[in-house]
Amino acid sequence: MQPEIKISASILAANPVRLEEEIKRIEGAAIDLIHIDVMDGHFVPNITMGPFIVKGIKKITRVPLDIHLMISHPEFYVKDFVDAAGEGDFITFHIETTRMPEAIISFIKSKGLKAGVSLNPLTPVKSIEHLIESLDMALVMSVNPGFEGQKFIPDVLPKIAALRNASPDKLEIEVDGGINNETITQTVRQGANVIVAATAIFKADDPCAAIRTLRQKAKEAAKR
């Protein structure tokens, strides 16, 4: 049996001038994770937040952080994010950005955090097969990373299934990009259990209701 369903709310779509209020609001819907997209303007064509903001978010919530490093050469910066986060938080980096994934994974886990590796839509599963046993999470990008509000790419669905087949009950498999009440069902049926949603939550009239609906859709899909 695959790990339990988790909903990770991506603050990329939250109101940046009311970030604390936005986070406190979704805590009321028992959100599982706060997803933080870190972009450097190099690996992806956008710039967002760094360790200083992560440290601030850590101070205002007890919800575990899901830190997604969309940056080149994460080996140079991972210590700063580990120091800003806390035990049990996730730090995920892209396999396309480094030649030393084993060292990064080992460092993250040595500090009591959980390590993840992400795959862009065109990156094959075979690029991380040798890492699966050491990982806590694999993140499948279902859009090209960099901006919120993009359309889900269905071609990634077989990658989710392949990862779940490689680790039926241990690996957390996360999907990020274009998630809504329809696409969440598709991803969970293939084996995903951690679902990142940005626009579907923070642009909804009632973000808490949106979270509850996403969770219910995911749980129904997991039973089939």
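The residue numbering used here restarts from 1 in each chain and proceeds along that chain's sequence as written. Side-chain atom pairs in this predicted model are given and counted only at pLDDT of 80 or more, local residue features only at pLDDT of at least 70, and totals for whole chains, interfaces and linings cover all residues. Excluded from the side-chain calculations are hydrogens and water; all other atoms, namely the structure's heavy atoms, are used.

1. Some thoughts on the overall build of the chain
To keep things clear, this is the line we draw: Helix and strand assignments come from DSSP, with helices taken as H or I runs of at least 4 residues and strands as E runs of at least 2, each series counted from the N terminus. The globule rule used here is 2.2 Å times the number of residues to the 0.38 power, and the radius of gyration it is set against is calculated over C-alpha atoms. Note on classification: 1.4 Å probe, protein chains only; a residue is buried when its accessible area is under 20% of the maximum for its type, exposed when over 50%, partly exposed between these limits. Pairs of residues are marked as contacts when any of their non-hydrogen atoms sit within 4.5 Å. Accessible surface area values rest on a Shrake-Rupley calculation with a 1.4 Å probe, where residue burial reflects the displayed protein chains alone.
Helix and strand content of the chain: eight helices and eight strands. For 224 residues, the compact-globule estimate of 2.2 N^0.38 gives 17 Å, and the C-alpha radius of gyration of the chain, at 16 Å, lies within 12% of that figure. For the chain, buried positions account for 54% of its 224 residues. Once local pairs closer than 6 in sequence are excluded, the contacts in the chain between residues at least 24 apart make up 70%. A total accessible area of about 10200 Å² is found for the chain, and carbon and sulfur atoms account for 52% of it.

2. As for the pairing of strand β8 (residues 194-197)
Put simply, the rule reads: Whether two strands pair comes down to DSSP finding at least two bridges between them. Crossover handedness is defined by viewing with both strands directed away from the observer: a clockwise path from the first strand over the helix to the second marks the crossover as right-handed.
Of the two faces of β8, the one holding Val 194 and Val 196 and the one holding Ile 195 and Ala 197 are both buried throughout. Both strand β1 (residues 6-10) and β8 contribute to a ladder of four bridges, which runs parallel. Its bridge partner being in β8, Ser 8 is matched across the sheet by Val 196. In terms of strand pairing, strand β7 (residues 172-176) meets β8 through three bridges, oriented parallel. Looking at the pairing, Val 175 lines up with Ile 195 of β8. In this fold, the crossover linking β7 to β8 by way of helix α6 (residues 183-190) has right-handed handedness.

3. Examining the side chain of Asp 136
Cut-off, in case you're wondering: Pairs of N or O atoms within 3.5 Å make up the polar contacts considered here, provided that, within protein, one atom can donate a hydrogen while the other can accept it, and that residues adjacent in sequence are counted only when both atoms are side-chain atoms.
Relative to the helices and strands, Asp 136 is located in the loop between β5 (114-119) and β6 (137-141). Within the local environment of Asp 136, its side chain forms a polar contact with the backbone nitrogen of Ala 115, the two atoms lying 2.9 Å apart. Those residues in contact with Asp 136 that sit more than four places away from it in its chain are Phe 90, Lys 109, Leu 113, Lys 114, Ala 115, Leu 171 and Glu 172.

4. With respect to helix α2 (residues 51-60)
In plain terms, the rule: Of all possible arcs, the one meant is that of the directions from the helix axis to the C-beta atoms.
Turning to α2, its buried residues are Val 54, Ile 57 and Ile 60. When α2 is viewed along its axis, its buried side chains cluster within an angular range of 125° and face the same direction. Residues of α2 that are exposed and angled more than 90 degrees away from the buried face: Phe 52 and Lys 59. Contact partners of the buried residues in α2: α1 (19-27), β2 (33-39), β3 (65-70) and α3 (78-84).

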